[in-house]
Amino acid sequence: MKKYTVAVVGASGAVGEEICKVLEEQNFPIKKLVLLASSRSAGDEMEAFGQKHKILETTPEVFEKEGVEIAFFSAGGSVSAEFAPYAAKTGAVVIDNTSHFRMESDIPLVVPEVNPQDIALWKKRGIIANPNCSTIQMVKILAPLHKAFDIQRVDVSTYQAVSGAGKRGMEELVNQMQKFFAFELDEDEPEVFTHRIALNLIPHIDVFMPNDYTKEEMKMMKESNKILHSDFALSATCVRVPVLRSHSEAITIHFSQEIQANKARDILKKTPNVVVVDKPEEKLYPMPILATDTDDTYVGRIRNDIYDKKILHLWCVADQIRVGAATNAVRIAQKWIEFTR
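Residues numbered from 1 in each chain as written. Predicted model: local features only at pLDDT ≥ 70, side-chain atom pairs only at ≥ 80, totals over all residues. Heavy atoms only, no water.

Peer 1: Please explain the overall build of the protein as it appears in this structure.
Peer 2: Per the secondary structure count, the protein includes 9 helices and 14 strands. Taken over the C-alpha atoms alone, the protein extends approximately 65 × 55 × 40 Å along its principal axes. Of all 341 residues assigned to the protein, the portion counted as buried reaches 52%. In the protein, of all internal contacts separated by at least 6 residues, the share reaching a separation of at least 24 is 68%. Summed over its atoms, the accessible surface of the protein is roughly 15800 Å², and 49% of this surface lies on carbon and sulfur atoms. Each charge sign in the protein was given a centre, from 41 positive and 47 negative side chains, and these centres are 6 Å apart. (Helix = DSSP H or I, 4+ residues; strand = E, 2+ residues; numbered from the N terminus. Buried < 20%, exposed > 50% of the residue type's maximum accessible area, 1.4 Å probe, protein only. Contact = heavy atoms within 4.5 Å. Areas by Shrake-Rupley, 256 points an atom, 1.4 Å probe, with all protein chains shown as cover. Lys, Arg positive; Asp, Glu negative; His and termini not counted. Charge placed at Lys NZ, Arg CZ, Asp CG, Glu CD.)

Peer 1: Before we go on, may I ask you to explain the sheet that holds strand β5 (residues 56–57) in this structure?
Peer 2: Pairing between the strands of a sheet comes from backbone hydrogen bonds, and it takes one of two forms, parallel or antiparallel. If you walk across this open sheet you meet the 6 strands as β5-β2-β1-β6-β7-β8, and the pairing is parallel. Two strands close off the open sheet at either side, each with one partner strand: β5 and β8 (127–129). Sheet topology places strand β1 (residues 4–9) next to strand β6 (residues 70–73); 4 bridges connect them, and they run parallel. Directly across from V8, in β6, lies its bridge partner F72. On top of the sheet, helix α1 (residues 14–25) reaches β1, β2 (30–37) and β6; it is set at about 155° to β1, its chief contact. The sheet strands contacting helix α9 (residues 322–340) are β1, β6, β7 (93–96) and β8, and the helix crosses β6 at an angle near 160°. (Pairing = 2+ DSSP bridges. Axes fitted to C-alpha atoms, helices over the stretch in contact; angles between N-to-C directions.)

Peer 1: Would you explain the layout of surface pockets in this entry?
Peer 2: It is the rolling of a water-molecule-sized probe over the atoms that shows where space remains empty. When its volume is computed, the largest pocket comes out at roughly 1200 Å³. Forming the boundary of the largest pocket are 42 residues, of which V15, S163, G164, A165 and G166 lie nearest the centre. Where the lining of the largest pocket is concerned, the elements lending two or more residues are α1, α6 (215–228) and α9. Looking at the lining of the largest pocket, its residues break down into 13 nonpolar, 22 polar and 7 charged. One number sums up the size of the second largest pocket: a volume of about 200 Å³. Around the second largest pocket sit S99, R102, M103, M209, N211, K215, M218, K219, K222 and E223, which together line it. (1 Å grid on protein atoms, 1.4 Å probe; cavity = no way out; pocket = protein on both sides within 12 Å on 5 of 7 lines; lining within 4 Å. Points joined across faces, edges and corners; volume = space filled by probe spheres on them. Nonpolar A, V, L, I, M, F, W, Y, C, P; charged D, E, K, R; others polar.)

Peer 1: Honestly, unusual backbone geometry in this entry has me stumped. Any pointers?
Peer 2: Trans peptide bonds make up the majority, and among non-glycine residues the majority have a negative phi. Even without being a glycine, F183 presents a positive backbone phi close to 60°. Structurally, F183 can be placed in the loop between α5 (167–181) and α6. Using a relative accessible area of 80% as the deciding quantity, one classes F183 as exposed.

Peer 1: Would you mind showing me how to read the packing of aromatic side chains here?
Peer 2: Any pair of aromatic rings gets described here by the distance separating the centres and the angle formed by the planes. Following the criterion strictly, the structure yields 6 aromatic pairs and no others. When the centroid spacing of 5.4 Å and the interplanar angle of 80° are considered together, the rings of W122 and W336 count as edge-to-face. Of this pair, W122 sits in the loop between β7 and β8 while W336 sits in helix α9, and the two are 214 residues apart along the sequence. As far as the burial class goes, W122 and W336 line up, both buried. Where F149 meets F255, the ring centres are 5.9 Å apart and the plane angle is 80°; that geometry is what we call edge-to-face. One end of the pair, F149, is in helix α4 (residues 133–149); the other, F255, is in strand β11 (residues 247–255), and 106 residues separate them in sequence. (Phe/Tyr/Trp six-rings, centres within 6.5 Å; stacked < 30°, edge-to-face > 60°.)

Peer 1: When you look at the environment of Q26 in this model, what are you seeing that I'm missing?
Peer 2: Of note, Q26 is situated in the loop between α1 and β2. Beyond its immediate stretch of four places on either side in the chain, Q26 contacts D295, V330 and Q334.

Peer 1: Whenever I open this one, the sheet that holds strand β10 (residues 233–240) confuses me. Can you help?
Peer 2: In spatial order, the strands read β10-β9-β11-β14-β13-β12; together these 6 strands make up an open sheet with mixed pairing. Each end of this open sheet is capped by a strand with a single partner; those strands are β10 and β12 (274–276). Across this sheet, the average inter-strand angle for adjacent strands is 20°, counted without regard to direction. Relative to strand β14 (residues 311–318), β11 runs antiparallel, the two sharing 8 bridges.

Peer 1: Would you mind going over the pairing of strand β3 (residues 45–48) with me for this structure?
Peer 2: Working note: regular strand, side chains alternate between the two faces of the sheet. The side-chain alternation of β3 yields one buried face, formed by M46 and A48, and one unburied face, formed by E45 and E47. In this structure, β3 lies alongside strand β4 (residues 51–54), joined through 4 bridges in antiparallel fashion. Across the sheet, E47 pairs through a bridge with K52, a residue of β4. Counted between consecutive antiparallel strands, the loop separating β3 from β4 contains 2 residues, among which F49 sits at a positive phi close to 55°.

Peer 1: When you look at the side chain of D305 in this model, what are you seeing that I'm missing?
Peer 2: Relative to the elements of secondary structure, D305 occurs in the loop between β13 (297–304) and β14. Buried and unpaired, D305 has R303 as its nearest opposite-charge partner, separated by 7.9 Å. A distance of 2.9 Å separates a polar atom in the side chain of D305 from the backbone nitrogen of Y307. Here the side chain of D305 touches D308 through a polar contact of 2.9 Å, landing on its backbone nitrogen. (Salt bridge = Lys/Arg side-chain N within 4 Å of Asp/Glu carboxyl O. Polar contact = N/O pair within 3.5 Å; in protein donor to acceptor, adjacent residues only side chain to side chain.)

Nothing here speaks to function; it is all geometry.
This is how it looks when you write it as structure tokens:
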């Protein structure tokens, strides 16, 4: 098998570190690993694949100089906007984890289990976009059900872990909890989140738009239909919760026909990288502690609506740093390799 020179832009961040970890776990065919970050981190060392690598500064020239063939970007939208075109121009395929390119018509937005065929469009600009973390786990559930029963509308409420805001988000929750139990918590101290996150819920992720939805909610709504090549109605309410890792979602799905929960359950059991955990009588259902550090999307609480046989309710959980970012990005790269052999 051919081996590749792989770059990770934003290598010192939470997602960058996880990409390196997943690449190693998947025994990805790497010839050379190039770790890139801002000038602040350049010169630092990071361990990957059992050895230490020096972090280089992200510059327009570094991709050609290092002979990069696959470039994972996870350093923020402004970094991707500035440097991804340089990487693509040198012939590398860019797999971008930010929102910057997702809704551009000539850039594929890919979840490999759902729309792998769209990877073929990468040649247009040399870039493949990785969807929003909450979108990824949801469309893995929606895709097989839409194919079987024709979805008309989806309503989703998310319960998103603080690690969705990066390392600083996790640190803020831990610090606030420590201060709470020491009776030292100051109500005016939030920095990462808009309000105190410890022992609280915040129905506000990203900025509010003129329509009173947040940008995070609009991402889910727009990205899902692009990935699924669909046009059904979708509404989202995104909530930050005091959980360190793994996002949860309560999803209500309206179909054009009557649907039985058992049939939906059987379909989801056969869906790649989806695990059905649905035995409420045994207190078995998806939870963040079950999903964390795994590469699967867990689904349960699958039930028919009491009043309308065309409506199904369910609950899904996935590790948003892996399933919602790093693992999905690596799976895109693996599929890209299959396309280009």
